[in-house]
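The residues making up each chain are set out below.
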Amino acid sequence: MKYISTRGNIKPIPFKDTLMMGLATDGGLMIPEKIPVISDDTLKEWETLPYPMLAFEVMRLFIDDIPENTLKNLVISSYKRFDTSEIAPLIQTGKLHILELFHGPTLAFKDIALQFLGELFSYILKKQNKKINILGATSGDTGSAAIYGVRGKENINIFILHPNNRVSPVQELQMTTVSDANVHNIAINGNFDDCQALVKTIFNDLDFKSNYGLTAINSINWARILAQVVYYIWCVLKLNKANKLPVFFSVPTGNFGDIFAGFIAKRMLGDKYISSLILATNENNILTRFIATGSYKKSAVVSTTSPSMDIMIASNFERYLYYLYDKNSDNLKKSFDIFDQTGELAVSPEMLDSVKKDFYSFSISQDEVSGIIKRYFDTYKYILDPHTAVGVGAMEQAINQYDLKGGFVCLSTAHPAKFPDAIFKAIDMNPPVPKAFQGLEKLSKRKHIMDIDIDAVKDFIVKNQ
Ligand SMILES: *Cc1c(COP(=O)(O)O)cnc(C)c1O
């Protein structure tokens, strides 16, 4: 399998190079040249596989430049730090299933991909005898998951920018208490989009990028999307056995990475297995507005109880638009040029029809989130984290409004203990504190506070080699 850029100016390259490149050097995002299609027979063969073996089978379709046995071992290592052998348990609550994706070391779904990325980087760097500097922006969960993916690994430094005092206290503790010398937290006086813009600009300095081996680990990296495709297929296999097809997935969405993985899974399996995806947003609903109107238009970010979804621009959205534009990179580029100038991108009515076939979308307010957490606790004694509650709310509305029939899975993207304030507000009690969080506040913290200043960030990277 070779990979190309959405902007069309990179000749096809293999998986390992795609992994190391992160953001495409032509300013686009990397995608596979083709999406493999899975036959019913293959799917049947996969039915009994444990999660890591299924992950291996899915990934080998996309990775042909790592020996199979090595890839298998890397995948197995990626999931050995999870606290359940199921990796991603599917829990039934009424009509809905909750797919718990938070059993990794940082208790967020991002571990599923970032543990794998850490293993991949480590393997490739050792083989090539190279060093890299990972640079990324986080609105909370990516940072700690990325840090835990590479902490203490040789040949890797990691620099994570987060909006100062705008991630939850637990998230901040998770990132800043990691004592490994290769881990550097940079707290920016700004919001998440400022952090993301800084990272994007630094990556666009191609000399700096190549001199320092800068590498992305946020969801623009294709390998992350790939690791996330697996759990969609995992759910389909489970619900297929229970005769609940097609499966509707509700995805609490921020940067569009997770739901894009669902889009790939749907292309691989077909509509018989995966129906329209339900794109769930909080008050930061640029994507919900796009799906309703065909206009993708910036607005100010508001802080909510689901901070990992507080974004203005969804960095992975370009990948979807590439397919929507029928793989026409020139038209895509023109649209993004207009977006950069005006803050708005509009698609044709025909394209909008096709968007509406791919997605249902609902925006769920913080008050609704609180109500959903309470109702779930009262009815099922199950505590949803606020991001997952957004997903549940959107799914309930979609089922009602469109009278959906099939299997229903809401992706649970974080453990509720990561957001104790929102939980307390909803149910008047604190979520139980998981082992991974006990005693964190007693550890010493390290963070470097900076203004929105490209040179300061670059300087810091240079000084910490
Ligand atoms: C990152 C994250 C999301 C959003 O996922 P995207 O891939 O950015 O759309 C949702 N919930 C939680 C808890 C997250 O950490």
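Everything below is about the structure printed above this text.
In what follows, the accompanying structure is described. Computed from a prediction, not measured in an experiment: that's the story for all the values here.

This next bit is on the overall build of the chain. Across its full length, the chain holds 19 helices and 16 strands. Here the chain has a C-alpha radius of gyration of 21 Å; the compact-globule value for 465 residues is 23 Å, and the two agree. If you line up the chain on its principal axes, its C-alpha atoms span 55 × 50 × 50 Å. Buried residues in the chain amount to 62% of all 465 residues.

This part takes up the site of the ligand. Near the ligand you find 15 residues, and of these Lys 110, Asp 141, Gly 254, Asn 255 and Asp 258 are the closest. Lys 110 places a polar side-chain atom, nitrogen or oxygen, 2.5 Å from an oxygen atom of the ligand. Between the ligand and the protein, one listed contact pairs a nitrogen atom with a side-chain N or O atom of Thr 413 at 2.9 Å. With the chains in place, 97% of the 380 Å² that the ligand exposes on its own is no longer accessible.

Turning our attention to helix H11 (residues 257–269). Taking 1.5 Å per residue, 13 residues should reach 18 Å; H11 reaches 19 Å between its end C-alpha atoms and fits that length. With 12 of its 13 residues buried, H11 lies for the most part within the structure. Where H11 is concerned, the buried positions are Gly 257, Asp 258, Ile 259, Phe 260, Ala 261, Gly 262, Phe 263, Ile 264, Ala 265, Lys 266, Met 268 and Leu 269. Count one or two residues on from H11 and you reach Gly 270, which has phi positive near 100 degrees.

With 14 residues, helix H14 (residues 329–342) extends 20 Å from end C-alpha to end C-alpha; this agrees with the ideal 20 Å at 1.5 Å per step. Those residues of H14 that fall on the buried side of the exposure criterion are Ser 329, Leu 332, Ser 335, Phe 336 and Phe 339. Taken around the axis of H14, the buried residues stretch over an arc of 125 degrees, which confines them to a single face. Summarising the geometry of H14, the exposed residues directed more than 90 degrees from the buried face are Asp 330, Lys 334, Gln 341 and Thr 342.

In this section: the sheet that holds strand E2 (residues 13–14). Ordered by their spatial adjacency, three strands build an open sheet running E2-E1-E3, and the pairing between neighbours is antiparallel. The two strands at the open ends of the sheet, each matched to only one other strand, are E2 and strand E3 (30–32). Here strand E1 (residues 2–5) pairs with E3 via three bridges, running antiparallel. Its bridge partner being in E3, Ser 5 is matched across the sheet by Met 30.

Their axes nearest at 9 Å, the elements helix H3 (residues 51–60) and helix H4 (residues 68–78) cross at an angle of 135 degrees. Judged by the angle between their axes, H3 and H4 are oblique. The interaxial crossing formed by H3 with H4 has right-handed handedness. Contact residues: H3 offers Pro 52, Met 53, Ala 55, Phe 56, Met 59 and Arg 60, while H4 offers Glu 68, Leu 71, Lys 72, Val 75 and Ile 76. Taken together, the residues that form the contact of H3 with H4 break down as eight nonpolar, no polar and three charged.

A few words on the pattern of salt bridges. Scanning the entire structure with this criterion turns up 17 salt bridges. A salt bridge links Arg 60 to Glu 68; its shortest N-O distance comes to 2.9 Å. Its relative accessible area of 30% is what places Arg 60 among the partly exposed residues. A salt bridge links Lys 238 to Glu 86, with the shortest nitrogen-to-oxygen separation between them at 3.3 Å.

As a further point, take the nonpolar core. General note: in soluble globular proteins, nonpolar side chains tend to be found buried as a group. One finds Tyr 79, Ile 233 and Phe 249 to be the most contacted residues of the largest nonpolar core, which totals 137 residues. Looking at this core element by element, the count peaks at 15 residues for helix H10 (residues 222–241). Those residues in contact with Phe 249 that sit more than four places away from it in its chain are Tyr 232, Cys 235, Val 236, Ile 274, Ser 276, Leu 277, Ile 278, Met 395, Val 409 and Leu 411. Listed in part, the 31 residues of the second largest apolar core include Phe 102, Ile 364, Phe 377 and Val 390.

Cis geometry is adopted by the peptide bond preceding Pro 246, which originates at Leu 245 and carries an omega value of -10 degrees. Here Pro 246 is to be found in the loop between H10 and strand E10 (247–252). A positive phi is found at Asp 326, a non-glycine position, where the angle reads about 55 degrees. Topologically, Asp 326 is positioned in the loop between helix H13 (317–324) and H14.

What follows concerns the environment of Thr 84. Structurally, the position occupied by Thr 84 is in the loop between H4 and strand E4 (90–93). Considering only alpha carbons, one finds Thr 84 and Thr 201, 117 residues apart in sequence, at a separation of 39 Å.

Calculation rules
Residues numbered from 1 in each chain as written. Predicted model: local features only at pLDDT ≥ 70, side-chain atom pairs only at ≥ 80, totals over all residues. Heavy atoms only, no water. Helix = DSSP H or I, 4+ residues; strand = E, 2+ residues; numbered from the N terminus. Rg over C-alpha atoms; globule rule 2.2 N^0.38 Å. Buried < 20%, exposed > 50% of the residue type's maximum accessible area, 1.4 Å probe, protein only. Near = heavy atom within 4 Å. Polar contact = N/O pair within 3.5 Å; in protein donor to acceptor, adjacent residues only side chain to side chain. Areas by Shrake-Rupley, 256 points an atom, 1.4 Å probe, with all protein chains shown as cover. Expected span 1.5 Å × (residues − 1). Arc of directions from axis to C-beta. Pairing = 2+ DSSP bridges. Axes fitted to C-alpha atoms, helices over the stretch in contact; angles between N-to-C directions. Parallel < 35°, antiparallel > 145°, perpendicular 65-115°, else oblique. Left-handed = near helix turned anticlockwise from the far one by under 90°. Contact = heavy atoms within 4.5 Å. Nonpolar A, V, L, I, M, F, W, Y, C, P; charged D, E, K, R; others polar. Salt bridge = Lys/Arg side-chain N within 4 Å of Asp/Glu carboxyl O. Core = buried A, V, L, I, M, F, W, Y, C linked by side-chain atoms within 4.5 Å.

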